[in-house]
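# Coordinate inspection notes
One-letter residues, chain by chain:
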Amino acid sequence: MPVSGVVLSCRPGNETLVAELARLVPGVEVHAALPDGQVIAVIEAASVQAEVDIASQLEQLDAVISVQVAYHNFEDVTQEGGADGTDEA
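An account of the accompanying structure is given in this report. (Residues numbered from 1 in each chain as written. Predicted model: local features only at pLDDT ≥ 70, side-chain atom pairs only at ≥ 80, totals over all residues. Heavy atoms only, no water.)

### A few points about the pairing of strand 3 (residues 38-44)
Rules: Buried means the residue's accessible area, taken with a 1.4 Å probe over protein chains only, is under 20% of the maximum for its type, while exposed means over 50%, and partly exposed covers the values in between. For helices the rule is a DSSP run of H or I covering at least 4 residues; for strands it is a run of E covering at least 2, with both sets numbered from the N terminus onward. Strands qualify as paired when DSSP identifies two bridges or more between them.
Burial along strand 3 is one-sided: Val39, Ala41 and Ile43 are buried, while Gln38, Ile40, Val42 and Glu44, pointing the other way, are not. Looking at chain direction, strand 2 (residues 28-34) and strand 3 are connected through six bridges and run antiparallel. When the bridges of strand 3 are listed, Val30 appears paired with Ala41. Linking strand 2 back to strand 3 in an antiparallel pair, the connection comprises three residues, with Gly37 at a positive phi of about 90°.

### Remarks on the nonpolar core
Note on soluble globular proteins: their nonpolar side chains tend to be buried together. Here is the rule we go by: By convention a nonpolar core is built from buried Ala, Val, Leu, Ile, Met, Phe, Trp, Tyr and Cys residues, the set being connected through side-chain atoms within 4.5 Å. Contact between two residues is taken to exist if any of their heavy atoms lie within 4.5 Å; hydrogens are not considered.
Counting residues in hydrophobic clusters, the biggest one holds 20 residues, and the most contacted among them are Leu8, Val28 and Leu58. Of all the secondary structure elements, the ones that give two or more residues to this core are strand 1 (3-10), helix 1 (15-23), strand 2, strand 3, helix 2 (48-59) and strand 4 (64-73). Sequence-distant contacts of Leu58, defined by excluding residues within four places in its chain, comprise Leu8, Ala22, Val25, Val28, Ile43, Val64 and Val67.

This is the structure:
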């Protein structure tokens, strides 16, 4: 399951609104609404594509200017090879 820490930048004064709207998006956990126009959140999704879809939803929220990824964890995402994402020999 991919997990990402994100920063939502919004128009100053809209942090509370953006935080409340982001909390309504499935897979999003809001951790802070900062007075400088930023909201800190975590996205958890079943796949990388689902994670991208959630980030796109966040970008469409009223007053959101952008969504920046601060951290990604792909530890248990299966790729070609082993369960930990490494190729098995």
